Every structure is written in C-alpha cells, then in structure tokens.
Amino acid sequence: RERMRDQLRTGRLDDRVVELDVQNVTMPSFEIIAGTSVEEIGINLKDMMGNMFGNRSKTRRMKVPDALQHLIAEESSKLVDMESVARTAVQRVEQAGIIFIDEIDKIASRDGLAGGGHGGPDVSREGVQRDILPIVEGTTVNTKHGMVKTDHILFIAAGAFHVSKPSDLIPELQGRFPIRVELEPLTRADFVRILTEPQNALVKQYSALLGTEDVALTFTPGAVERIADFAARVNDMTENIGARRLHTVMERLLDEVSFSAPELTEKTLTI
C-alpha cells in the first residue's frame, strides 16, 4: 500500500485507467406549480421522489488523476451539511442582501400616461411596477431554500432615463427609493483609467489575445490617451453609450492585426 501511495503521489500511475462506480445523475427534474405566483413555485419532484428510485450508480472508466478528482469531490460533498448551508445563506440574504434592479426605466410609463385610461404598453409597465412594489416594501418570499423576508434587504435600481423620468414611476414605488443619484457622463480621463487600471482592461485583453499567436502587442501611454480621446469625441457627437464605445474603437484599430496575426512575420507590435 505504501508503494502504491508513493507511485500515486509521484505521478507514475497517471496513465493507468481504472474503473469507478459513480452516481447516475441523468434522472430528469420536474417542478409542480403549486400556486398562481412565481413565489409559490418550487416543489421539486426529484427531491421529493429521489428515495423512491434509489441511488443508481454506473461504472465508468477513467484515468487515475480524473478518478482522484472525482473521489475528492464526492468525499468533500459528504462533509458539507447542506441544511446548515441553506440556513446560513437565508440569514445572510435577509440581513446583508443587496438586490440590484437594472433597466428600471423600461417599466416607467411615458409622460405619466399609465392609469389615465390609456391602453397599450403603459398599462403593462404599471403592472410590473405593482408586482415589484410588495417585494421592495418588505414581504416573505418562498424560495427552494426556505422563506426569505425582504424587509432588511437593500434595493438599488438603475436606469437611463432618456425618454422617461423617475417621476413617471408610480408614486408608491418612488417612495421606496428615497435616495436618487444622477451619474455624470464619462470623461476622457475616465476612459484612460478604464483602459489601463482594471485587471481585465481592454488593452490587457487584446495583448493576451494576440499573445496566443506569439505576437507581442504593447500600447504606449500616448496611444491609450488617443484611443480614449476618440471614444470621448464619438460619444459627444453621437449616442453616448459610455465605456462600451471603447470596444468599437479598439476593434476598429486592431481589426486587421487580429485577422492576420497568425501570418505576421514581425511578432512585435507597438501601438
């Protein structure tokens, strides 16, 4: 046994193929709609009837490293108390949860027309707002991990109110978002920071992408500032889409290089 353990740790058994009994998880999962609202959906037939079918296993052939990973994952899952995990998760959600609602301007009625006898999409928008209202106000939501109270959850909503405005939301919903913050448009200096500071900045992404073709791509500080200048100018002249404009400028700049990278003889490129 010690000799086998030594061979396993030194990797001399990595090419061996072994047979392993693994759990068969191909049984389909069904859900029963228990009520009329989404919150009441959640009884899972797989959990309810799993013991009836038993735990079926099948034999699979795999190499020793893959078998080792599978066994470690299987033993690790046995050590986790999922009931305790679910209780802790529900408690954390209730006491420190944050829900971010994006694109809330899409459900704002145009010029306050909702409720004024007009049909069409404005009526549906108001309906969505009234569905969101009780959750933001504080209610108990039924989830597959248990009942979750939304009383102390922080709700943050965001939207680009070009056509509508925040006051077009129904008054009850406006009152649940008491703090309003208006964001300033991105400046040229902001674009420079976005291009250089993040861990996955566009400049680094393109350098890594061309690095897969053995092309060393570098950007001078002046080039980064020029790219930021182009993005800022186009945002001013046309639709202001923020930092997404940098994707357009970078793709246009490196379009030809990206396409011909495998055939390039000069493997060092400076922008």
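Shown above is the structure to which this text applies.
Residues numbered from 1 in each chain as written. Predicted model: local features only at pLDDT ≥ 70, side-chain atom pairs only at ≥ 80, totals over all residues. Heavy atoms only, no water.

Chemist: Outline the overall build of the protein, supporting the account with residue identities and numerical values.
Modeler: The secondary structure content of the protein amounts to 10 helices and 10 strands. Within the protein, the proportion of its 271 residues that are buried is 23%. Long-range pairs, those at least 24 residues apart, make up 65% of the contacts in the protein between residues at least 6 apart in sequence. (Helix = DSSP H or I, 4+ residues; strand = E, 2+ residues; numbered from the N terminus. Buried < 20%, exposed > 50% of the residue type's maximum accessible area, 1.4 Å probe, protein only. Contact = heavy atoms within 4.5 Å.)

Chemist: Talk me through the side chain of aspartate 105; I want residue IDs and the actual numbers.
Modeler: Secondary-structure assignment places aspartate 105 in the loop between strand 5 (98-101) and helix 5 (121-137). Within the local environment of aspartate 105, its side chain forms a polar contact with the side chain of lysine 106, the two groups lying 3.3 Å apart. In this view, aspartate 105 contacts Arg110, Gly159, Ala160, Phe161 and Ser164; residues no more than four positions away in its chain are not counted. (Polar contact = N/O pair within 3.5 Å; in protein donor to acceptor, adjacent residues only side chain to side chain.)

Chemist: I'd like a description of the pattern of salt bridges, backed by residues and values.
Modeler: All told, the structure shown has 15 salt bridges when counted by the stated rule. As a salt-bridge pair, glutamate 75 and lysine 78 come within 3.4 Å of each other at their nearest N and O atoms. Of this pair, glutamate 75 and lysine 78 both sit in helix 3 (residues 64-79), separated by three residues, roughly a single helical turn. Note on glutamate 75: relative accessible area 42%, which makes it partly exposed. For lysine 78, a relative accessible area of 58% puts it in the exposed group. A salt bridge links arginine 130 to glutamate 126; the nearest nitrogen and oxygen atoms lie 2.9 Å apart. Of the two residues, arginine 130 and glutamate 126 both sit in helix 5, four residues apart, roughly one turn of that helix. (Salt bridge = Lys/Arg side-chain N within 4 Å of Asp/Glu carboxyl O.)

Chemist: I'd like a description of the packing of helix 9 (residues 221-237) against helix 10 (residues 244-260), backed by residues and values.
Modeler: Two numbers describe a pair of packed helices, the interaxial angle and the distance between the axes. Contact geometry of helix 9 with helix 10 gives a least axis separation of 9 Å together with a crossing angle of 125 degrees. Between helix 9 and helix 10, the angle is such that the two are oblique. Judged by the twist between their axes, the crossing of helix 9 over helix 10 is right-handed. Between helix 9, through Ile227, Phe230, Ala231, Val234 and Asn235, and helix 10, the contact on the second element is made entirely by Arg245, Leu246, Val249, Met250 and Leu253. (Axes fitted to C-alpha atoms, helices over the stretch in contact; angles between N-to-C directions. Parallel < 35°, antiparallel > 145°, perpendicular 65-115°, else oblique. Left-handed = near helix turned anticlockwise from the far one by under 90°.)

Chemist: So, the layout of surface pockets: which residues are in play, and what are the values?
Modeler: Put simply, the largest pocket is a space of about 1600 Å³. Around the largest pocket sit 38 residues that line it, and Ala158, Gly159, Ala160, Phe161 and Leu183 are the ones nearest its centre. Per element, the largest residue contribution to the lining of the largest pocket is four residues, and it comes from strand 8 (residues 154-157). In the lining of the largest pocket, the residues fall into 21 nonpolar, six polar and 11 charged. (1 Å grid on protein atoms, 1.4 Å probe; cavity = no way out; pocket = protein on both sides within 12 Å on 5 of 7 lines; lining within 4 Å. Points joined across faces, edges and corners; volume = space filled by probe spheres on them. Nonpolar A, V, L, I, M, F, W, Y, C, P; charged D, E, K, R; others polar.)

Chemist: Lay out the nonpolar core in plain terms, naming residues and giving numbers.
Modeler: If you look at the biggest cluster of nonpolar residues, it comprises 20 residues, and the most contacted ones within it are Leu195, Phe219, Ile227, Leu246 and Met250. Dropping the residues within four chain positions of it, methionine 250 is found in contact with Leu195, Leu202, Val203, Tyr206, Phe219 and Ile227. The next biggest cluster of nonpolar side chains, apart from the first, holds 15 residues, and it includes Ala108, Leu133, Ile170 and Phe177. (Core = buried A, V, L, I, M, F, W, Y, C linked by side-chain atoms within 4.5 Å.)

Chemist: Outline helix 4 (residues 82-96), listing residues and values.
Modeler: In this model helix 4 runs 20 Å from its N-terminal to its C-terminal C-alpha over 15 residues, within 8% of the 21 Å that 1.5 Å per residue would give. Of all the positions in helix 4, only Ala86, Val90 and Glu94 are classed as buried. The buried residues of helix 4 occupy one face: seen down the axis, they fall within an arc of 60 degrees. When the buried face of helix 4 is taken as reference, the exposed residues oriented beyond 90 degrees from it are Gln91, Arg92, Gln95 and Ala96. In the core, the buried residues of helix 4 are packed alongside strand 7 (146-149). (Expected span 1.5 Å × (residues − 1). Arc of directions from axis to C-beta.)

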